[in-house]
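Survey of secondary and tertiary structure
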Amino acid sequence: MTENRPGRISPGDIYEDCSFHPVLCTFNDGDQIQGISLIDASMPRACSIGFCAVVKLSIDDVIAARTDWPAYFARRKAEFEQETGSEA
């Protein structure tokens, strides 16, 4: 299970965006956060810290996502739905 690592997400940190992509942070103004996907290099990946389910990730989480992206995505989506009681 992926656990949110507490603390501010700063450029250079890795976070999970609201599409469950591990993202390398390139910008954070306190609400808007942007970065580059570590799955497909899409950019800019942009989310709102206040309105999206952004979580700070560990390197182990990124390795799991890169090893089997479809399985990681399905697991994270199911975890999110279970935690929130809604569908992502």
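So, how was this worked out
Once a new chain begins, its residue numbering starts again from 1 and follows that chain's sequence as written. Local features in this predicted model are restricted to residues of pLDDT 70 or higher, and side-chain atom pairs are both shown and tallied only at a pLDDT of 80 or more, whereas totals for entire chains, interfaces and linings draw on every residue. Just so you know, side-chain values use all the structure's heavy atoms and leave hydrogens and water out. Two strands make a pair as long as DSSP finds a minimum of two bridges between them. Secondary structure follows DSSP: runs of H or I at least 4 residues long count as helices, runs of E at least 2 residues long count as strands, and numbering of each begins at the N terminus. Exposure is judged per residue with a 1.4 Å probe applied to protein chains only, and the accessible area is read against the type maximum: over 50% gives exposed, under 20% gives buried, and values in between give partly exposed. Each direction from the helix axis to a C-beta atom contributes to the arc, which is the arc of those directions. Every residue pair with non-hydrogen atoms within 4.5 Å of one another is taken to be in contact. Summary of the metric used: pLDDT quantifies the predictor's per-residue confidence within the range 0 to 100.

Some remarks on the sheet that holds strand 1 (residues 14–16)
In space, the five strands of this open sheet follow the order 4-3-2-1-5, with antiparallel pairing throughout. Strands at the two margins of the open sheet, each flanked by one partner only, are strand 4 (45–48) and strand 5 (55–56). Here strand 2 (residues 22–28) runs beside strand 3 (residues 32–37); their pairing, made up of five bridges, is antiparallel. Of the residues in strand 3, the one forming a bridge with Phe27 is Gln34.

Remarks on helix 1 (residues 59–67)
Within helix 1, burial applies to Asp61, Val62 and Ala65. The arc enclosing the buried residues of helix 1, seen along the axis, measures out at 100 degrees, which places them on a common side. Exposed and facing more than 90 degrees away from the buried side of helix 1 are Ile59, Asp60 and Thr67.

Re the environment of Trp69
Structurally, the position occupied by Trp69 is in helix 2 (residues 69–84). As for Trp69 and Ile59, which are separated by ten residues in sequence, their C-alpha atoms are 15 Å apart. Excluding its chain neighbours within four sequence positions, the residues that come into contact with Trp69 are Ser19, Phe20, His21, Pro22 and Ile39.

A closer look at the environment of Ile63
Inspection of the secondary structure assignment puts Ile63 in helix 1. Spatially, the C-alpha atoms of Ile63 and Pro22 are 9.6 Å apart, while their sequence positions differ by 41 residues.

Topic: the confidence of the model for the protein
This prediction gives the protein a mean pLDDT of 90; 91% of its residues lie at or above 70. Mean pLDDT across the elements of the protein bottoms out in strand 5 (91) and peaks in strand 2 (97).

Details of unusual backbone geometry
A cis amide bond links Met43 with the next residue in sequence, Pro44, at an omega value of -10 degrees. One non-glycine residue, Phe20, lies in the positive phi region at around 70 degrees. Within the secondary structure, Phe20 sits in the loop between strand 1 and strand 2. Located in the positive-phi region is Ala41, a residue other than glycine, with phi close to 65 degrees.

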